[in-house]
Amino acid sequence: MIPAIFMANRGGIPRVESTGVVVGTESVVFNFRTLNYPRSPFNGLVLVRLNQPIPTGTTATLPIIFNSQAVTTYNGEPLTVADVAGTGVYLFYYDSASATLQLIG
């Protein structure tokens, strides 16, 4: 039996760029321009360019949030300051059905 196949990134790989970063007491929030996503479900790869560094001295265990979207790593663990090496391009997987945004790597 052939397993179910889900087509991802039919229209290409979207790329978004951060416009700011805010460090709070409970999280670090990267801000992005509001995007006009298609109304259809999306499941696939997303390139995220982080343009701003997380300020030096920020607690390494603070979770990272993109706008209001939680970001995870493997096993559903929150992405934290310690997981972000600096500015640059990161590869993520997004599944709109489960609202999962996971760093790949």
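Figured I'd write up the structure that's included with this text. The shown structure was predicted, so the numbers you read here are calculated from the model rather than taken from an experiment.

### Looking at the sheet that holds strand 6 (residues 88–95)
Reading across the sheet, the seven strands line up as 5-4-2-1-3-6-7 and stay open at both edges, with mixed pairing between neighbours. Sheet topology places strand 5 (69–70) and strand 7 (100–103) at the edges, where each strand pairs with a single neighbour. By the bridge criterion, two bridges tie strand 4 (residues 64–66) to strand 5 in an arrangement that is antiparallel. When the bridges of strand 5 are listed, Ile65 appears paired with Ala70.

### With respect to a nonpolar patch on the surface
A cluster of nonpolar side chains, Tyr74, Leu91 and Ile104, forms an exposed patch at the surface whose accessible area comes to about 250 Å². The residue Leu91 is located in strand 6 in this model. Taking the relative accessible area as the measure of exposure, Leu91 reaches 31% and is therefore partly exposed.

### So, the environment of Ile54
Looking at where Ile54 falls in the secondary structure, it is placed in the loop between strand 3 (43–50) and strand 4. Taking C-alpha positions, Ile54 is 9.2 Å from Phe30, a pair spaced 24 residues apart along the chain. With residues near it in sequence (within four places) discarded, Ile54 still touches Val28, Phe30, Ile64, Val81 and Val84.

Definitions and limits used
- Residues numbered from 1 in each chain as written.
- Predicted model: local features only at pLDDT ≥ 70, side-chain atom pairs only at ≥ 80, totals over all residues.
- Heavy atoms only, no water.
- Pairing = 2+ DSSP bridges.
- Helix = DSSP H or I, 4+ residues; strand = E, 2+ residues; numbered from the N terminus.
- Patch = residues over 30% accessible without salt bridge, like charges linked within 9 Å, V, L, I, M, F, W, Y side chains within 5 Å.
- Areas by Shrake-Rupley, 256 points an atom, 1.4 Å probe, with all protein chains shown as cover.
- Salt bridge = Lys/Arg side-chain N within 4 Å of Asp/Glu carboxyl O.
- Buried < 20%, exposed > 50% of the residue type's maximum accessible area, 1.4 Å probe, protein only.
- Contact = heavy atoms within 4.5 Å.

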